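What follows is each chain in one-letter form.
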Amino acid sequence: MKYKIALIPGDGIGPEIVAEARKVLDRVGTVYGHEFLYEELLMGGASIDATGEPLTAETLQKAKESDSVLLGAVGGAVGQSKWYELPPNLRPEAGLLKIRKGLGLFCNLRPAVLFPQLKHACPLKEEISKGKFDFTVVRELTGGVYFGERKTEIEKGIRKAVDTMPYDENEICRIAKWAFEIARKRRKQVCSVDKANVLDTSRLWREVVSEVAKEYPDVQITNMLVDNCAMQIVKDPSQFDVILTENMFGDILSDEASMVTGSIGMLPSASLGEGKLGLYEPSHGSAPDIAGQDKANPIATILSAAMMLRYSFDLEKEASAIEDAVSKVLDQGYRTMDIKSDNTILIGTKEMGDRIVAQL
Ligand code: NAD
């Protein structure tokens, strides 16, 4: 099969890590008989320098015409880069919001995986982490309190602010379906997280999720209150497979989930919409402090490419092959600087990419 991939290297370490993911995809293409056709696009600071805008309409159109998008990262050094002084809508990060909106992406998927080989990086005690866990947070991305009506006013001399958290059943239904579909490709358990003891939106959320669950009898569904979930992630992370939740709860829980793995350079992510097209990117930023030094860990981006194969192209075998190759290189003791520990071998970005390719 032929697949058209829009590659957006971006800024900082972006071009280095995307180049390694491309090598890995090419190898998968050769071994499994697929053709990946790439179109390189500009976004973020690189696009500002070339066009004055973080994402042009033409670039967005090309991304829409692709089968999927693989992104490195965008942005310069916080407070120091030349892009930092620009108005917010012209800064590199504005390109991210624009592309997510333009591609209609409402489902954010952030896996939290503790590789047994990196168990020492986990800030939790080993009796809690059990040396490995693998769950994923499915977060609604375009609704809820971040997009609801808000106002700040002075009422009888007192300053007052109001945010509203609207959700309709269609918004809940479509994200719930993604969560169940994702669970089907994993261990078939969805834990839907809400605050149904207080919020009306959460009661509707629970009701709609239980209706969608009937279409997926093979997937086990449980419900959990968000405050309890925040505790359970640090108490017993391996109990989770897929955590499904609304925008703000997901924002907080997915950051908590990343932190308990202890290695930001290892965490991929995906944003999905109605169709098969998705935006795949590492969870970390553009790391300008180490850009151009062959120090960046490319694994988060390589695992993002694996997610692209699984969720956008339905190439499960190929996705698993990439994940296994990463695991084997870790087993052999090779580490980039960010995940280095005693008795392991320090290698750079390119060598990490090459070693993963060699395992495929
Ligand atoms: P960051 O994630 O870029 O870096 C935080 C720390 O982690 C740094 O010390 C960095 O060297 C290290 N790090 C990150 N990724 C690494 C990797 N793959 N390998 C090794 N070390 C790695 O966060 P920051 O410094 O707060 O932000 C830098 C820029 O990235 C900012 O402009 C920010 O807006 C942007 N950003 C972009 C995205 C995105 O494109 N989705 C996400 C977050 C931040």
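Residues numbered from 1 in each chain as written. Predicted model: local features only at pLDDT ≥ 70, side-chain atom pairs only at ≥ 80, totals over all residues. Heavy atoms only, no water.

1. Things to note about the overall build of the chain
Put simply, the rule is: Under the scheme used here, helices are H or I runs from DSSP no shorter than 4 residues and strands are E runs no shorter than 2 residues, and both carry numbers assigned from the N terminus. Every radius of gyration here is taken over C-alpha atoms, with the globule rule written as 2.2 Å times N^0.38, N being the number of residues. Using a 1.4 Å probe on the protein chains alone, a residue whose accessible area is under 20% of its type maximum counts as buried, one over 50% counts as exposed, and one in between counts as partly exposed. Any pair of residues with heavy atoms lying within 4.5 Å of one another is described as a contacting pair. To be clear on the numbers: accessible area is Shrake-Rupley with a 1.4 Å probe, and residue cover counts the displayed protein chains and nothing else. Here the positive residues are Lys and Arg and the negative ones are Asp and Glu; neither His nor the chain ends is included. For the purpose of locating charges, the reference atoms are NZ of Lys, CZ of Arg, CG of Asp and CD of Glu.
For the chain, the count of helices and strands is 12 helices and 14 strands. Expected size for 360 residues packed as a compact globule is a radius of gyration near 21 Å; at 21 Å, the chain falls within 12% of this value. Taking the principal axes of the C-alpha coordinates as reference, the chain spans close to 60 × 50 × 40 Å. Within the chain, buried positions represent 53% of all 360 residues. Long-range contacts, defined as pairs at least 24 residues apart, comprise 75% of the intrachain contacts of the chain with a sequence gap of at least 6. Surface accessibility of the chain: about 16300 Å² in total, with carbon and sulfur atoms responsible for 52%. Charged side chains in the chain number 44 positive and 53 negative. The centres of these two groups are separated by 2 Å.

2. Some details on the site of the ligand
Spelled out, the test is: Each residue is tested against the molecule or strand, and it is near if at least one of its non-hydrogen atoms lies within 4 Å. Under the rule applied, a polar contact is a pair of N or O atoms within 3.5 Å (in protein, one hydrogen donor and one hydrogen acceptor; residues adjacent in sequence only if both atoms are side-chain atoms). Only Asp, Glu, Lys and Arg are considered charged, only Ala, Val, Leu, Ile, Met, Phe, Trp, Tyr, Cys and Pro nonpolar, and every remaining residue, Gly among them, polar.
Not every one of the 19 residues close to the ligand is listed here, only the nearest: G76, E93, G285, A287 and N297. At 2.6 Å from an oxygen atom of the ligand is found a main-chain nitrogen or oxygen belonging to G76. Within the side chain of E93, a nitrogen or oxygen atom sits 2.4 Å from an oxygen atom of the ligand. Coverage of the ligand by the protein chains reaches 71% of its 810 Å² of free accessible surface. The residue makeup of the shell around the ligand, split by class, is 9 nonpolar, 6 polar and 4 charged.

3. Remarks on the packing of aromatic side chains
Within a pair of aromatic rings, the relevant descriptors are the distance that separates the centres and the angle that separates the planes. Selection criterion: For Phe, Tyr and Trp, where Trp contributes only its six-membered ring, two rings pair if their centres lie within 6.5 Å, and the inter-plane angle classes them as stacked under 30 degrees, edge-to-face over 60, or tilted in between.
Summed over all chains, the structure comprises 6 aromatic pairs. Here F133 and F135 contribute two aromatic rings whose centre-to-centre distance is 5.9 Å and whose plane-to-plane angle is 35 degrees, an arrangement assigned as tilted. Take F135: its relative accessible area is 0%, and that puts it in the buried class. Look at Y167 and W205: their rings are 5.6 Å apart centre to centre, the planes differ by 70 degrees, and that puts the pair in the edge-to-face class. Taken together, the positions of Y167 in the loop between β7 (158-163) and α6 (169-184) and W205 in helix α7 (residues 200-213) put the pair 38 residues apart, joining distant regions of the chain. Grouping residues by exposure puts Y167 and W205 together as buried. Joined through ring pairs, the aromatic side chains of Y3, F36 and F313 make up one cluster.

4. Comments concerning the packing of helix α8 (residues 226-235) against helix α9 (residues 247-261)
Here is the rule we go by: Helix axes use the C-alpha atoms of the stretch in contact, all axes being lines fitted to C-alpha atoms, and the angles between their N-to-C directions lie in the range 0 to 180 degrees. Geometric relationships in this document are graded by angle, where less than 35 degrees denotes roughly parallel, more than 145 denotes roughly antiparallel, 65 to 115 denotes roughly perpendicular, and other angles denote oblique.
One can describe the packing of α8 onto α9 by two numbers: an axis separation of 10 Å at closest approach and a directional angle of 10 degrees. Between α8 and α9, the crossing angle belongs to the class labelled roughly parallel. Mapping the contact onto sequence places V226, C229, A230, I233 and V234 in α8 and F249, L253, E256, A257 and V260 in α9. In the contact of α8 with α9, the residues fall into 9 nonpolar, no polar and 1 charged.

5. Quick notes on the environment of L315
As for its placement among the helices and strands, L315 is situated in the loop between α10 (299-312) and α11 (316-331). Of the residues examined, L315 reaches a relative accessible area of 8% and is grouped as buried. Measuring from C-alpha to C-alpha, the distance between L315 and A19 comes to 21 Å, with 296 residues separating the pair along the chain.

6. Notes on helix α1 (residues 14-32)
Stated formally: What a helix should span is 1.5 Å times the count of its residues minus one.
Taking 1.5 Å of rise per residue, 19 residues should cover 27 Å, and α1 covers 27 Å from first to last C-alpha, within 8% of that figure. Listed in full, the buried residues belonging to α1 are G14, E16, I17, V18, E20, A21, V24, L25, V28 and G29. Phi turns positive one or two residues past the end of α1, at G33, with a value near 75 degrees.

7. Concerning unusual backbone geometry
For K188, which is not a glycine, the phi torsion comes out positive at approximately 65 degrees. Turning to its location among the elements, K188 is positioned in the loop between α6 and β8 (189-194). Note on K188: relative accessible area 34%, which makes it partly exposed. Look at D294: it is not a glycine, yet its phi comes out positive at around 60 degrees.

8. Some details on the pairing of strand β12 (residues 278-282)
Selection criterion: Criterion used throughout: strands pair if DSSP finds at least two bridges between them.
Where burial is concerned, most of β12 is hidden: 5 out of the 5 residues are buried. Burial along β12 is two-sided: G278, Y280 and P282 and L279 and E281, pointing in opposite directions, are all buried. Summarising the sheet, strand β3 (residues 68-73) and β12 pair through 2 bridges and their orientation is parallel. Each residue of the ladder has a partner; that of V69, found in β12, is L279. Relative to β12, strand β11 (residues 268-272) runs antiparallel, the two sharing 5 bridges. Bridge pairing in β12 links A270 to Y280. Joining the antiparallel neighbours β11 and β12 is a turn of 5 residues.

9. Some details on empty space enclosed by the protein
As a reminder, the rule being used: The distinction between a cavity and a pocket rests on a 1 Å grid over the protein atoms alone: a 1.4 Å probe fits inside a cavity but cannot get out, while a pocket stays open yet meets protein on both sides within 12 Å along at least five of seven lines, and a residue with an atom within 4 Å of a point counts as lining. Grid points are joined across faces, edges and corners, and a volume is the space filled by probe spheres set on the points.
Applying the stated criterion across every chain yields a total of 1 cavity of 30 Å³ or more. Its volume calculated, the largest cavity comes out at about 50 Å³. Looking at the largest cavity, the residues that line it are M165, Y167, V193, D194, T201, S202, W205, E246 and F249. Listing elements by their share of the lining of the largest cavity, those giving two or more residues are β8 and α7. At 3 residues, the largest contribution of residues to the lining of the largest cavity is made by α7.

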